[in-house]
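# Breakdown of the fold
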Number of protein chains: 4
Amino acid sequence: MTLIVLNFKTYRESTGPEGLALARICQEMAREHSLEMVVVPQVADISTIAASVSIPVFSQHVDGVGYGGFTGHITAASLKAAGASGSLINHSERRLRLAEIEASIAACRQAGLKSIVCTNNVATTRAAAAMGPDYVAIEPPELIGSGIPVSKSDPEIVDRSVQAVKKIAPDVGVLCGAGITHGEDLKAALDLGSQGVLLASGIIKAKDQRKALEDLVAGAR
Amino acid sequence: MTLIVLNFKTYRESTGPEGLALARICQEMAREHSLEMVVVPQVADISTIAASVSIPVFSQHVDGVGYGGFTGHITAASLKAAGASGSLINHSERRLRLAEIEASIAACRQAGLKSIVCTNNVATTRAAAAMGPDYVAIEPPELIGSGIPVSKSDPEIVDRSVQAVKKIAPDVGVLCGAGITHGEDLKAALDLGSQGVLLASGIIKAKDQRKALEDLVAGAR
Amino acid sequence: MTLIVLNFKTYRESTGPEGLALARICQEMAREHSLEMVVVPQVADISTIAASVSIPVFSQHVDGVGYGGFTGHITAASLKAAGASGSLINHSERRLRLAEIEASIAACRQAGLKSIVCTNNVATTRAAAAMGPDYVAIEPPELIGSGIPVSKSDPEIVDRSVQAVKKIAPDVGVLCGAGITHGEDLKAALDLGSQGVLLASGIIKAKDQRKALEDLVAGAR
Amino acid sequence: MTLIVLNFKTYRESTGPEGLALARICQEMAREHSLEMVVVPQVADISTIAASVSIPVFSQHVDGVGYGGFTGHITAASLKAAGASGSLINHSERRLRLAEIEASIAACRQAGLKSIVCTNNVATTRAAAAMGPDYVAIEPPELIGSGIPVSKSDPEIVDRSVQAVKKIAPDVGVLCGAGITHGEDLKAALDLGSQGVLLASGIIKAKDQRKALEDLVAGAR
């Protein structure tokens, strides 16, 4: 089943009560279209949203540290307790060191959280896949927030990522991000062999978020 | 009034339901002893705790970024929406760049959150105070979690911090951290001119958290 | 005497042999115009340049760590041994944590190196000055590399920085950076009470570096 | 041929003139024993050492940035111009973000520098190898500087790393680090299938560096 992951980032339109409203729209969309939709609000909003919707709620970031003296860090244990069921790791706006990514993947696995590691090119996608997360999400940084869909403007990077992951770690899913907004972008991404998309501004900043989502999911299977 | 700030860090004993229970104990303590107590849970726990207690709930960290494309960051707006009323900034376990500290202080101010900037020596205390947060909290790193109270083992650093802040930014309060556990540590801190203490492991890891807090607050005024 | 600090950054026109040639031009300029000129090449170029010119050679960065297990760090001791006589600290392209800045200033002082801490606004200038470096250099990030001189486009930030430093730490000199290229920019900076300028692209990327420097120093005293 | 890489770190015994003396000893050792020895001094010492010895001189760190506005960064171009022929990347004392590691490897390749990416466990070794550096160097952090050789205390991590790299990227060499001091440690490392070792304190801090090196190279082939 097609996976659509909506990153709320820190937009005004997806923070606090607005974030909750958006999560509810996503839930309806998932039901109506038999899609797997994941919402990714800010950490402070996770518990409220997770208590209100039944679709998976992911964190935008998780630190690979456990219980102890790690003031200001986001632990997998606290996310799990708040109702999250997974996390983005190494998003282009929150890059991590290699050892931290590995520790975050391990922390997710141990806490029963799914992990999506974001990458910026084929080489880093290979590296991320080699550490065995649930998904890698390839997002060429120059296309993020551009409205130019990677699945159409740079299909080769998606295709090569899919092939590379298949070879190195066939159990790891591939998502496709950056510039995805419309149904045709999603369709192109799926045609290239990805399992779904990671998207944000195209939906969050849309005048009518529901309509934007309707347009998007029309490209799903 | 003496200010006691309890940093929950990421200890098992202060995460999720355990964090909520501890926050409730702190609330009782504040009422019984007419103290100002602040609890500082993990970000994912803030909304639940803030909905359950009436004492101030602070975040362990805040990023000085606003609405927009800042995936994985902790915004002042999201903290405020979740019920927080302030934040630690630059804790020794989550050090920030100078420009980030200044941006975090400004973001707190704009969102109506109090700010406590942690520092490691007299020079950085001077620097932090010069940026005008609500409080600076001086914590010599070598004493954190040591059980050796800074107010007794290194009174001079507290005294010099208090004097320096008075000179550079008299409106900024001074807290005293690192190794504080007992009532006499708190009393020593207040005698040196600080407005209160920032503490963590001595209480969180105590066999009986309530008893440990009772011992501590006995040193308050 | 007016101080002119030329940051070589990592431009092709100031790396390796080109950097050495540029340092020699700066030396001639300093002699001809009785100016204090400081060149700031990349670390790998310091020893060669310091062996070839008699004007001060600064590093673009220094870590506040000493002898020991600090692989990949730039120590004050190694800079001193290579012939450097000072360092930039916290440049906008290499921001440091507050505690690191303080440690870097201390390391410079101990090794007999001068320190210039870069800042981005009045609040961080106050903070930097409070730690007692030899100089602070105020550079509003939005003007760096813009060709719009801070001394003319935002004279107030320079004026307020100069006043703030005078009050908090009168021994600390103030430099003015960002967008400085021409003699009139330098003159405006000096008129505002600064001791000199920190500049880069306007000179480095000039078709004729010597001519660009001639134009600049015409504004000196 | 066995590769021995000596990381000078920032020890007093390997900074400035002491670093040059040590590099000369390494050169003699390489000649006498027909070994490939690489010295890795601090960046500020590279040009002097590279001009004085004919064995390869590597940097302890390189940033994956090119010509431009990257003040305080260590560029591959500047290292090459100073006489370096390679660099460590992501040493445990200077960890990098995943995208930075990839950019550093690419920058080395473009500048004609060899790259050695340091890793901390089998998963990160797989990831590093997937990005195609010349070498990966596996160093369990808890053994660094311990005097307990990884090749003897944790042979399995070396063995599994060698196997993993062989599968994912057979052209990438594997070095073995952490706690290596004596000839038998080196021999054990080679027996496990590694191409050589990365070492530091055991030699640098030895009372008699030459003697320590003699002891080490006795284990080579």
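Preceding this section is the structure that the text describes.
All figures in this text were calculated on a predicted structure; none of them were measured in a lab. (Residues numbered from 1 in each chain as written. Chains lettered and ligands numbered in written order. Predicted model: local features only at pLDDT ≥ 70, side-chain atom pairs only at ≥ 80, totals over all residues. Heavy atoms only, no water.)

Left apart from each other, chain A and chain C have a closest C-alpha approach of 15 Å. Left apart from each other, chain B and chain D have a closest C-alpha approach of 15 Å. (Contact = heavy atoms within 4.5 Å.)

Of the residues lining the interface, 33 residues belong to chain A; the matching set on chain B comes to 32 residues. Of all residues in chain A, A:Thr10, A:Tyr67 and A:Thr71 bury the most surface against chain B, accounting for 25% of the area lost on that side. For the interface between chain A and chain B, the tally reads 19 residue pairs in polar contact (both at pLDDT 80 or more). Broken down by secondary-structure element, the contributors of at least two residues to the side of chain A that touches chain B are α2 (46-50) and α3 (76-82) of chain A. Of the residues assigned to the side of chain A that touches chain B, the class counts are eleven nonpolar, 18 polar and four charged. (Buried area = accessible area lost by both parts, 1.4 Å probe. Polar contact = N/O pair within 3.5 Å; in protein donor to acceptor, adjacent residues only side chain to side chain. Helix = DSSP H or I, 4+ residues; strand = E, 2+ residues; numbered from the N terminus. Nonpolar A, V, L, I, M, F, W, Y, C, P; charged D, E, K, R; others polar.)

Across the contact, 33 residues belong to chain C and 32 residues belong to chain D. The contact between chain C and chain D buries some 2,700 Å² in all, and 57% of this surface belongs to carbon and sulfur atoms. Ranking the residues of chain C by area buried against chain D places C:Thr10, C:Tyr67 and C:Thr71 at the top, with a combined share of 25%. Between chain C and chain D we count zero salt bridges in total. The interface formed by chain C and chain D includes 19 residue pairs in polar contact (both at pLDDT 80 or more). Contributing elements (two or more residues each) for the side of chain C that touches chain D: α2 (46-50) and α3 (76-82) of chain C. Of the residues in the side of chain C that touches chain D, the class split is eleven nonpolar, 18 polar and four charged. (Salt bridge = Lys/Arg side-chain N within 4 Å of Asp/Glu carboxyl O.)

Once chain A has been moved 0.0 Å along the axis and rotated by 180°, it coincides with chain B to within an RMSD of 0.0 Å. Both copies of the chain, as the preceding transformation shows, are related through a two-fold rotation axis. Of every C-alpha in chain A, the one belonging to A:Ala44 sits nearest the axis of rotation, 2.6 Å from it. Same-surface contact between copies: 97% of interface residues of chain A are shared with the interface of chain B. (Least-squares fit on C-alpha atoms with pLDDT ≥ 70 in both.)

On to the pairing of strand β4 (residues 86-89) of chain D. Residue and element names in this part refer to chain D. Residues of β4 alternate between two faces, with Gly86 and Leu88 on one and Ser87 and Ile89 on the opposite face, all of them buried. Here two bridges tie strand β3 (residues 58-59) to β4, and the two strands are oriented parallel to one another. Of the residues in β4, the one forming a bridge with phenylalanine 58 is glycine 86. Regarding the hand of the β-α-β motif, the stretch spanning β3, helix α3 (residues 76-82) and β4 is right-handed. Bridging between β4 and strand β5 (residues 114-119) involves four bridges; their strand directions are parallel. Within β5, the residue paired with isoleucine 89 across the bridge is valine 117. Traced from β4 through helix α4 (residues 98-111) to β5, the parallel crossover comes out right-handed. (Buried < 20%, exposed > 50% of the residue type's maximum accessible area, 1.4 Å probe, protein only. Pairing = 2+ DSSP bridges. Right-handed = clockwise from strand over helix to strand, strands pointing away.)

On to the pattern of salt bridges, then. Applying the stated criterion to the full structure yields 16 salt bridges over all chains. One salt bridge in this structure joins B:Glu28 and B:Arg210, with 2.6 Å as the shortest N-O distance. With B:Glu28 in helix α1 (residues 17-33) and B:Arg210 in helix α10 (residues 209-217), the pair connects residues that are 182 residues apart, well separated along the chain. With a relative accessible area of 31%, B:Glu28 lands in the partly exposed category. In this structure, C:Lys9 engages C:Glu93 in a salt bridge whose closest nitrogen and oxygen atoms are separated by 2.9 Å. Separated by 84 residues along the polypeptide, C:Lys9 in the loop between β1 (3-7) and α1 (17-33) and C:Glu93 in the loop between β4 (86-89) and α4 (98-111) bring together distant segments of the chain.

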